[in-house]
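Coordinate analysis (summary)
Residues per chain are reported as follows:
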Amino acid sequence: IPVIIVVSGLCVVIYSVLGGITAVIWTDAIQGLVLIAGALACVLVLLFSMPEGPSQLFSIAMEYDKFSLGSFGPELSTTTFWVTLVYGLFINLQNYGIDQNYVQRYLTAKSDKQAKFSALFGGYLFIPVSAVIFMIGTALYAYYKTFPELLPAGVEGDAVFPYFIVHALPTGLTGLLIASIFAAGMSTVATSITSSATIILTDYYARYINKRPTEKQSVRALYVSNVLIGIIGIFVALAFLNVESALDAWWALSSIFSGGMLGLFLLGYISKKARNVDAVLGVICGIIVVVWMSLSPIFFKDGFMSEYASPFHANLTIVFGTIVIFLAGFLSMRLLKTKK
């Protein structure tokens, strides 16, 4: 697996460097189609592999509550329906509104109308595609409940789906599913590489290092940034090998690292009178909240000052970080008015 990560990571770096945003958009489009086709094929195979037909899969899933949307209770420390819903609203508002991964695509559109259509189409498509992918997990549970002897001891969590692909899918579909998994990973990495390189060029290189770069210098800076970000991404992927659930880990990490960015943008967008000092005060308050929510459960545990640990779920970091930055900046603007 480490060799596969390194080789595929280097491939992404190469085509991202050589082709730039054009390569990213076209490869993402093809990879997206492969991903959707592979996921649909897998669901169909699972449905019709049950001895009593597709209805058996649904009955088993219903019996073990696998179609549940989670608890509707008021708890904020576990993955309840409300925690997931609020997190989803904030993270997608950030993704589609201010994330450079998405914004760089809008900027390639020929008009505002096309950019809006792209955002709406992506948002609507996200719902059925996510449903299909989550359905795979539910179907795998029902499948191995029916055929427990086919799943060796020790194969659990994120390892179940790859095991099913290799040992249970018909010849031909195995390659399609492997290609779809690669497509999902490579498209995400390529997008992150180019967007990160653009930020390094515009916000750091052109602002602090070379304030009037030529086109040749800008392209060279993008090349170097692409390679460095790609290498960092490979090491992060290798570190994820020890994570039990990559999806849960990604949700938590994205919530932590982007915990306040949305609040800062909302402050500037909603309140035209916000000053730099208001933004700085808001960011400081937001960073304190994000650091407390993300690090206190790690350091304050096993009886050691555990009463100071955050009682909230890690996914709520972006929610509280956004709200604190916005409110702190807004109150600063109202209360700390400067005299003309």
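Residues numbered from 1 in each chain as written. Predicted model: local features only at pLDDT ≥ 70, side-chain atom pairs only at ≥ 80, totals over all residues. Heavy atoms only, no water.

**A short note on the overall build of the chain**
Counting secondary structure elements, the chain contains twelve helices and zero strands. Helices (α) and strands (β) of the chain occur, in sequence order from the N terminus, as α-α-α-α-α-α-α-α-α-α-α-α. Dimensions of the chain along its principal axes, counting C-alpha atoms only, are 80 × 55 × 45 Å. Out of the 340 residues in the chain, the part that is buried amounts to 34%. Within the chain, residue pairs in contact and separated by at least 24 positions form 71% of the contacts whose partners lie at least 6 positions apart. (Helix = DSSP H or I, 4+ residues; strand = E, 2+ residues; numbered from the N terminus. Buried < 20%, exposed > 50% of the residue type's maximum accessible area, 1.4 Å probe, protein only. Contact = heavy atoms within 4.5 Å.)

**Concerning helix α7 (residues 173-209)**
Between its terminal C-alpha atoms α7 stretches 50 Å, which fits the 54 Å expected from 37 residues at 1.5 Å a residue. In the structure, α7 departs most strongly from a straight axis at leucine 201, where the bend amounts to approximately 35°. (Expected span 1.5 Å × (residues − 1). Bend = angle between axes of the 7 residues up to and from the residue.)

**Thoughts on the pattern of salt bridges**
Tallying each qualifying case throughout the model produces two salt bridges. In this structure, arginine 105 and aspartate 28 form a salt bridge, with 2.2 Å as the shortest nitrogen-oxygen distance. With arginine 105 in helix α4 (residues 100-106) and aspartate 28 in helix α1 (residues 2-47), this pair connects stretches of sequence that are 77 residues apart. Arginine 105 gets classed as partly exposed once you look at its relative accessible area, which sits at 26%. Owing to a relative accessible area of 12%, aspartate 28 belongs among the buried residues under this scheme. Two residues, arginine 275 and aspartate 278, come together in a salt bridge whose shortest N-O distance is 2.8 Å. (Salt bridge = Lys/Arg side-chain N within 4 Å of Asp/Glu carboxyl O.)

**A closer look at the packing of α1 against α7**
At their nearest, the axes of α1 and α7 sit 4 Å apart, and the two run at 140° to each other. Taken as axis vectors, α1 and α7 run oblique relative to one another. In terms of crossing hand, the pair formed by α1 and α7 is left-handed. When grouped by side-chain class, the residues that make up the contact of α1 with α7 number 23 nonpolar, nine polar and one charged. (Axes fitted to C-alpha atoms, helices over the stretch in contact; angles between N-to-C directions. Parallel < 35°, antiparallel > 145°, perpendicular 65-115°, else oblique. Left-handed = near helix turned anticlockwise from the far one by under 90°. Nonpolar A, V, L, I, M, F, W, Y, C, P; charged D, E, K, R; others polar.)

**Thoughts on the side chain of glutamine 100**
In this structure, glutamine 100 sits in helix α4. For glutamine 100, a relative accessible area of 19% corresponds to the buried category. Residues contacting glutamine 100, with those up to four places away along its chain left out, are Ser195, Thr198 and Ile199.

**Some thoughts on the confidence of the model for the chain**
Per-residue confidence for the chain averages 87 on the pLDDT scale, and 96% of its residues sit at or above 70. Within the chain, helix α9 (residues 246-257) has the poorest average pLDDT of any element, 69, and helix α2 (residues 54-63) the best, 94. (pLDDT = per-residue confidence, 0-100.)

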